[in-house]
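Notes for the structure review
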Amino acid sequence: MVATEATTDPEVLVIGAGPGGYVAAIRAAQRGLDVTLVERDALGGVCLNRGCIPSKAYVTATDVAHDAATAEEMGIHADPVVDLAAMCDWKDGVVDRLTGGVEKLCKANGVSLVEGTASFVDGETVRVDDGDETETLTFDHCIVATGSRPLELPGFPFAADPVLDAAAALELSSVPDRLVVVGAGYIGMELSTVFAKLGTDVTVVEALDSVLPGYEDDVARVVRKRAESLGVDFHFGERATGWRDAADGGIVVTTESDDGTKSTHGADRVLVAVGRTPVTDTLDPENAGLEPTENGALETDERCETAVDGIYAVGDVAGEPMLAHVASAEGVVAAEAIAGEPAAFDAQAIPAAVFTDPEIATVGLTESEAEAEGFDPVVGEMPLRSSGRALTTGDTEGFVRVVASADGFLIGAQIVAPEASELIAEPTLGIEMGATLEDVAATIHTHPTLSEAVMEAAENALGQAIHTLNR
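Below: a short report on this structure. (Residues numbered from 1 in each chain as written. Predicted model: local features only at pLDDT ≥ 70, side-chain atom pairs only at ≥ 80, totals over all residues. Heavy atoms only, no water.)

1. Here we look at the pattern of salt bridges
Opposite charge on two side chains permits them to pair, given that their charged atoms come into close proximity. So the rule is basically this: In the sections that follow, a salt bridge refers to a side-chain nitrogen of Lys or Arg positioned within 4 Å of a carboxyl oxygen of Asp or Glu. Secondary structure elements are taken from DSSP: a helix is a run of H or I of four residues or more, a strand is a run of E of two residues or more, and numbering for both begins at the N terminus. Each residue gets one of three labels from its accessible area relative to the maximum for its type: buried under 20%, exposed over 50%, partly exposed in between, using a 1.4 Å probe on protein chains only.
This model, assessed by the stated rule, comprises 20 salt bridges. Close ionic contact of glutamate 336 with arginine 27 constitutes a salt bridge, the shortest N to O distance being 2.6 Å. In this pair, glutamate 336 sits in helix 8 (residues 324–338) while arginine 27 sits in helix 1 (residues 21–30), placing the two residues 309 residues apart along the sequence. For glutamate 336, a relative accessible area of 13% translates into the label buried.

Okay, here's the thing in structure tokens:
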């Protein structure tokens, strides 16, 4: 990041240039406000530099190699050789292009950039330390967008050479022969799939009894089955307790179950992916009158404003859901609220995606959640095995499910399919716009496409599906 000359008393000071912060800064500048954006690392935050973008680059690259190596049924015979160092260089190029684009956008919109770590002096002043000198900035409004960091497990310090967080795993220059992954959430499952496709023997240790806690059983089951077919070995009900060096030059990861049974798993590296925690400790928040929750988050109202007038919080630092697109949406709300517009964050239709194989994407309510909220839900489903386009891709495990209220309004969807992250956009828009099952079913979809499954699921809910049996 190239710093620009900063205004010493900006109308809006944004702390953190991740997908929440830089979006907030640009939108505030578009509304005619004088904006300074402070970032201590790289523009784009964890998402662009060490999370969403690099991991999806690896997901795509390893899919290419795996698909080529397993396409005999299509008459394709190949034995790809993966150069992980070259793949890493390609991934870094993608990241550099995006972060460079963010910098250009900020400057083109008149956002001043300051490099360093910001901490509050009081409720209208921050101190920015770049390691060499300190600068003091006053502000009329402040948007905190400091993001989150990976949780560190006792016994697994990230400073230890064989212990990896997700960012470090994406910087490896060679493929480990054996990898233990602690945690079967979305980060653990995505990277387990990536390394399994690279030829690594992957062992997943999870304290709970299933992969992807929080997702419905039939959703998680498809992903687990595919991971097992790739050779991923799961051990549920085991808590990772520590690691030690092994005689063979690798390491041994130790675990313990609730009944006291102890187990060991050999590996060369161990990836710890058990969640993330908001970053507020660097801010000296108490100086501004801010009181983080027990989990370290800053609570906000529907305008993304904290309990301290004029100070807003967006993205991971504001707590769950920790999703980049939520951070961006909140950044827009905070900026527009400061500009005096009637902005408010609406969490009714927030999509989420897991880039496993196959992908998972969800939005709104599941059937059980709808029932718990007092709905009498109507559910429709289209299995991928009945989709002509899915058959031509060779991926037929999964389904599209839609959930509607008794009067037919779309209130949720769950998709397990190739490109589920793209397919979820239609039901998300449907929920946002107040669409009905009839609206979706009557919309002509291109053939042959995976998106036809959304239409068929809506028709199934109406009892008039053509390409799958009606319920």
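2. Notes on a negative patch on the surface
This is how the line gets drawn: To count toward a patch, a residue needs a relative accessible area above 30% and no salt bridge. Like charges then connect within 9 Å, nonpolar side chains (Val, Leu, Ile, Met, Phe, Trp, Tyr) within 5 Å. Accessible areas in this description were obtained via Shrake-Rupley with a 1.4 Å probe; residue shielding takes into account the shown protein chains only. Positive: Lys, Arg. Negative: Asp, Glu. His and the chain ends are not part of the count. A charge is said to be at NZ when it belongs to Lys, at CZ for Arg, at CG for Asp and at CD for Glu.
Among the surface-exposed residues, Glu115, Asp129, Asp130, Asp132, Glu133 and Glu135 lie close enough to one another that they form a single negatively charged patch. Here glutamate 133 lies in the loop between strand 5 (125–129) and strand 6 (134–138). Owing to a relative accessible area of 58%, glutamate 133 belongs among the exposed residues under this scheme.

3. A word on helix 1
Every α-helix winds through 3.6 residues per turn, so residues three or four apart in the chain are directed the same way. Rules: Only heavy atoms matter for contacts: two residues are in contact if any of them lie within 4.5 Å across the pair.
Counted residue by residue, helix 1 has eight buried out of ten residues, so it is predominantly covered. For helix 1, the secondary structure elements touched by its buried residues are strand 1 (12–15), strand 2 (35–39), helix 4 (84–108), strand 7 (141–144) and helix 8. Just beyond helix 1, the residue with positive phi is glycine 32, at close to 85°.

4. With respect to the sheet that holds strand 18 (residues 311–313)
Across a sheet, strands are paired by hydrogen bonds formed along the backbone, either parallel or antiparallel in direction. Condition: Here, strands pair whenever DSSP counts at least two bridges between them. Convention adopted: a line fitted to C-alpha atoms gives each axis, helices being fitted over their contacting stretch, and angles between N-to-C directions are expressed from 0 to 180 degrees.
The strand order 3-2-1-7-18 describes an open sheet built from five strands, whose pairing is parallel. Among the strands making up the open sheet, the edge pair consists of strand 3 (112–115) and strand 18. Averaged over all adjacent pairs, the angle separating strand axes in this sheet is 20°, with direction ignored. Pairing of strand 7 with strand 18 involves three bridges; the strand directions are parallel. Note that in strand 18 the partner of cysteine 142 across the bridge is isoleucine 311. Packing against the sheet, helix 8 makes contact with strand 1, strand 7 and strand 18, and its axis sits at approximately 175° to strand 7.

5. Considering the pairing of strand 5
A regular strand carries its side chains on alternate faces of the sheet. The sheet contact formed by strand 4 (residues 117–122) and strand 5 spans five bridges and is antiparallel. Note on strand 5: the bridge partner recorded for aspartate 122 is threonine 125. Pairing between strand 5 and strand 6: five bridges, direction antiparallel. Of the residues in strand 6, the one forming a bridge with valine 128 is glutamate 135. As consecutive antiparallel partners, strand 5 and strand 6 are separated by four residues, and within that stretch glycine 131 has a phi angle of approximately 95°, a positive value.

6. Notes on the nonpolar core
Threshold: Working definition of a nonpolar core: buried Ala, Val, Leu, Ile, Met, Phe, Trp, Tyr and Cys residues. They are joined through side-chain atoms within 4.5 Å.
By size, the foremost hydrophobic cluster in this structure holds 39 residues, and its most contacted members are Met189, Phe195 and Leu212. At six residues, helix 6 (residues 186–197) tops the list of elements feeding residues into this core. Beyond its immediate stretch of four places on either side in the chain, methionine 189 contacts Ala184, Val211, Leu212, Val223, Ala227, Phe234 and Thr356. By size, the runner-up hydrophobic cluster in this structure holds 31 residues, among which are Cys47, Cys106, Tyr312 and Ala343.

7. Details of the sheet that holds strand 22 (residues 399–404)
Strands sit in the order 19-20-23-22-21 across an open sheet of five strands; the sheet is antiparallel. Whereas interior strands pair on both sides, the edge strands pair on one side only; in this sheet they are strand 19 (352–354) and strand 21 (378–383). On average, adjacent strands in this sheet sit at an angle of 10° to one another, irrespective of strand direction. When strand 22 meets strand 23 (residues 410–417), the two strands line up antiparallel, connected through six bridges. The partner of arginine 401 across the bridge, within strand 23, is glutamine 414. Its contacts with the sheet place helix 14 (residues 452–461) against strand 21 and strand 22, and it is angled at close to 140° to strand 21.

8. Let's talk about empty space enclosed by the protein
Rules: Both cavities and pockets are sets of points on a 1 Å grid over the protein atoms alone; in a cavity a 1.4 Å probe fits but cannot get out, in a pocket the set is open with protein on both sides within 12 Å along at least five of seven lines, and lining residues sit with an atom within 4 Å of a point. Grid points are joined across faces, edges and corners, and a volume is the space filled by probe spheres set on the points. Only Asp, Glu, Lys and Arg are considered charged, only Ala, Val, Leu, Ile, Met, Phe, Trp, Tyr, Cys and Pro nonpolar, and every remaining residue, Gly among them, polar.
All chains considered together, the criterion is met by one cavity of 30 Å³ or more. In this structure, the largest cavity spans a volume of roughly 40 Å³. What lines the largest cavity is simply Val59, Thr62, Asp63, Thr193, Val194, Lys197, Phe355, Thr356 and Asp357. Class assignment of the residues belonging to the lining of the largest cavity gives a composition of three nonpolar, three polar and three charged.

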